[in-house]
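Structure at a glance
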Amino acid sequence: MRAKRKQKLFVILGLVSLAAIAVGLTLYALRSNINLFFSPVQITAGDAPLERQIRAGGMVREGTVERDPDSLEVMFTVTDYVEDVEVRYSGILPDLFREGQGVVVVGELQQGGWLRADQVLARHDENYMPPEVAQALEEAGYSPEDYQAKAAEVGKRLEAQNDGALAN
């Protein structure tokens, strides 16, 4: 092999090696930022990784929201009406958060099977349901439209309770 050809071969091999290293480092960096969506059924089945950031979604089960009066700690249950997952969150909840509504929670699944939430995302109008939540409900054999109607019913009932409490 001539010296010129040998030099070109080393340059090409060096460029290919550098490109492979760059792609590998990029994929490694992105791996830690990926948070996959899991429904409560998948979480209770053990499909979700422990102590890694994930997104979980479903409906906030009616009657499960517990607020600590001395702090911003909130505990509630997210359900797909097949399985439930307890969520613990410290912070200010979105204005649209309430029982019977669809939510997506970003956080880490802990050893006890509960989710320590870093972020709680609520729907933005009564006709919206996060696509992942709708898909999880359909896979569980339920229609998202049924739950939107149920969410509207729960919302009306809660508003009536609030109006009754304000009147007293």
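Residues numbered from 1 in each chain as written. Predicted model: local features only at pLDDT ≥ 70, side-chain atom pairs only at ≥ 80, totals over all residues. Heavy atoms only, no water.

Going by an unreviewed UniProt entry, the chain carries the name Cytochrome c-type biogenesis protein CcmE and comes from Halomonas urmiana. Under the heading Function (unreviewed entry), UniProt records this for the chain: "Heme chaperone required for the biogenesis of c-type cytochromes. Transiently binds heme delivered by CcmC and transfers the heme to apo-cytochromes in a process facilitated by CcmF and CcmH." You can read under Sequence similarities (unreviewed entry) in the UniProt record for the chain the words "Belongs to the CcmE/CycJ family." (UniProt positions renumbered as here; feature names shortened; annotations may be inferred.)

Summarising burial for strand 2 (residues 53–60): six of the eight residues are buried, a large majority. Alignment of strand 2 against strand 6 (residues 102–109), held across seven bridges, turns out to be antiparallel. Counterpart to Ala 56 in the pairing with strand 6 is Val 105. With two bridges connecting them, strand 2 and strand 4 (residues 73–79) associate as antiparallel partners. By the bridge assignment for strand 4, Val 60 is matched with Val 78. (Buried < 20%, exposed > 50% of the residue type's maximum accessible area, 1.4 Å probe, protein only. Helix = DSSP H or I, 4+ residues; strand = E, 2+ residues; numbered from the N terminus. Pairing = 2+ DSSP bridges.)

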